[in-house]
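Chain and residue survey
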Amino acid sequence: MARIVGGVTTSHIPAISNAMAKGLEQEPYWKRFFDGYEPVKEWLAKVDPDIAIVVYNDHGLNFFLNQVPTFAIGCADHYENADEGWGIPTLASFEGDAPFSWHLAESLINQDFDMTTCQEMLVDHGFVTPMALMWRHLPNWPVKAIPLAVNTVQHPLTSARRCYQLGKALGKAIESYPEDLKVVIFGTGGLSHQLQGERAGIIDVDFDLECMEHIIHDPEWMTRFSNTELMEKAGTEGIEVIMWLVMRGALAPKVNVVHKHYHAPISNTGAGVLVLENPAS
Amino acid sequence: MVWQPHDYENIPGTYVFDGQRSHAGYALNRMAFSFNSAANREEFARDMDAYCRKYGLSDEQREAVLGGDFLKLLHLGGNVYYLAKIAVFHGMNVQDAGAAFQGITTPEFQAILDRNATGFTDKLQQKGGYWHG
Ligand SMILES: [Fe+2]
């Protein structure tokens, strides 16, 4: 049976991809942020997953505002990165697992999550930045990848509560797949940042750390916030943190904390990294 | 035909991108989306005014695009991720835009970010269990 080995949270902002493309990781501004990913990479090498499910939002590459699915899942054999218009080099394509994707879509729909299924899906910085953070040191991506996109761009958005429930359904979907696959889930985006308006530049370290602690021990706490409350605290773009709950919902109620890392600011963002391991069943 | 009010409209200095804004900014954001293609970027760079007209921007939107007035573009329904694709033509990144929204310089904007994050390593120690480097 497929098994969830654990989950990772990470920021996915393009400034990180830009820094990696330019080899700035050891520059003073970036060093502490990037060095904090080394334990993540070690853990991934140890658990050696077959599949990464990347929960992210598209920021205007695959989905334009003509059609905005609230929850969408890639169901293709491969996924391409592409030009987003600001000059960051495009990364190598990603191998998918169509039969597993379709199983997940079917199981989620049977559990009342009406996913949009995508047989062609360009993956933007929200997806490729985490993949590069984890595995750019290898010549090829060592996992098959499945994109799971959540609309966090155009309101009305889904809620933290609903993301957590989706995660629980995703966990059941994964664990009902007969093939012996080791699955890791990336919850990406956040933490606090606001790019727009006169309020641009907010970072709330206290709230970010509260989120990190509660995601580990008491994710239900996060689900009690309305989207307006989350935007007041974490900023209009910081609301991406709801996607962490998809990852968390898929994991066991009690998880082992492998790694906690926080840095701020990177570009305009508070950046939180967690590695949570499912207890061996 | 009445746009319904929302509680998030009370957050100061914030333009939550919802149906009403997306409706108002549709042509503008659609033009920005076209900049994912290098050929379209070249066409826009050759004649920005004509390109805005081709995409049916309002006069106000077109003037704000040409003038690089990003706060105005937010008011007119621009989404910040799409505006970032336009900002490139004015030599601006998201930090420059963050400064421009407030009428301050980019170093001043970066100082706000640094101030907001001041002392975070002490807070990590209080919480415990965080990677220290
Ligand atoms: Fe994002």
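Above this text sits the structure in question.
So, here's what we can say about the structure.

Reading the values: rules and limits
Residues numbered from 1 in each chain as written. Chains lettered and ligands numbered in written order. Predicted model: local features only at pLDDT ≥ 70, side-chain atom pairs only at ≥ 80, totals over all residues. Heavy atoms only, no water. Helix = DSSP H or I, 4+ residues; strand = E, 2+ residues; numbered from the N terminus. Rg over C-alpha atoms; globule rule 2.2 N^0.38 Å. Buried < 20%, exposed > 50% of the residue type's maximum accessible area, 1.4 Å probe, protein only. Contact = heavy atoms within 4.5 Å. Areas by Shrake-Rupley, 256 points an atom, 1.4 Å probe, with all protein chains shown as cover. Lys, Arg positive; Asp, Glu negative; His and termini not counted. Charge placed at Lys NZ, Arg CZ, Asp CG, Glu CD. Salt bridge = Lys/Arg side-chain N within 4 Å of Asp/Glu carboxyl O. Polar contact = N/O pair within 3.5 Å; in protein donor to acceptor, adjacent residues only side chain to side chain. Pairing = 2+ DSSP bridges. Axes fitted to C-alpha atoms, helices over the stretch in contact; angles between N-to-C directions. Donors = N, O, S within 2.8 Å, 3.2 Å for Na, K, Ca; no water.

**A short note on the overall build of chain B**
The number of helices and strands found in chain B is 10 helices and 0 strands. In sequence order, chain B lays out its α and β elements as α-α-α-α-α-α-α-α-α-α. Taken against the 2.2 N^0.38 rule, which gives 14 Å for 133 residues, the C-alpha radius of gyration of chain B at 19 Å runs more than 25% over that of a compact globule. For chain B, buried positions account for 45% of its 133 residues. Within chain B, contacts between residues separated by at least 24 positions form 45% of all contacts whose residues are at least 6 apart in sequence. Summing over all exposed atoms, chain B offers an accessible surface of approximately 6,700 Å²; the carbon and sulfur share of this is 51%.

**Focus on the overall build of chain A**
Counting its secondary structure elements, chain A contains 10 helices and 11 strands. Overall, the C-alpha framework of chain A stretches about 50 × 40 × 40 Å when taken along its three principal axes. Counting over 281 residues, chain A shows a buried share of 67%. Pairs at least 24 residues apart make up 81% of the contacts formed inside chain A by residues separated by at least 6 positions. Side chains of chain A carry 19 positive and 35 negative charges; the gap between the two charge centres is 7 Å.

**Overview of the interface of chain A and chain B**
Each side of the interface is counted separately: chain A has 49 residues, and chain B has 50 residues. Applying the counting rule to chain A against chain B returns 3 salt bridges. For Glu-210 of chain A, the salt bridge identified is with Lys-127 of chain B, shortest N-O distance 2.6 Å. At the surface where chain A touches chain B, the tally comes to 25 residue pairs in polar contact (both at pLDDT 80 or more).

**Topic: the sheet that holds strand 10 (residues 256–266) of chain A**
Residue and element names in this part refer to chain A. One open sheet holds the 8 strands; their spatial order is 6-3-8-2-9-1-11-10, and the pairing between them is mixed. The outermost strands of the open sheet, each flanked by one partner alone, are strand 6 (116–118) and strand 10. Across the sheet, the mean angle separating the axes of adjacent strands is 20 degrees when strand polarity is ignored. Sheet topology note: the strand 1 (residues 3–10)/strand 9 (residues 182–188) ladder contains 7 bridges and is parallel. Within strand 9, the residue paired with Arg-3 across the bridge is Lys-182.

**Some points on the coordination of the iron ion**
All names here are of chain A. Distances from the iron ion to its protein donors, His-12 (NE2), His-59 (NE2) and Glu-240 (OE), fall at 1.9 to 2.1 Å. Within one chain, the residues serving as donors to the iron ion are arranged as H-x46-H-x180-E. Within this pair, whereas His-12 is found in the loop between strand 1 and helix 1 (14–21), its partner Glu-240 is found in the loop between helix 9 (227–234) and helix 10 (244–250), the two being separated by 228 residues in sequence. Residue classification places His-12 among the buried positions, given a relative accessible area of 1%.

**Digging into the sheet that holds strand 7 (residues 122–123) of chain A**
Residue and element names in this part refer to chain A. Strand order across the open sheet formed by 3 strands is 5-4-7, with mixed pairing between neighbours. Of all strands in the sheet, those bounded by a partner on one side alone are strand 5 (94–95) and strand 7. In terms of strand pairing, strand 4 (residues 78–81) meets strand 7 through 2 bridges, oriented parallel. Paired with Glu-80 across the two strands is Leu-122, which belongs to strand 7.

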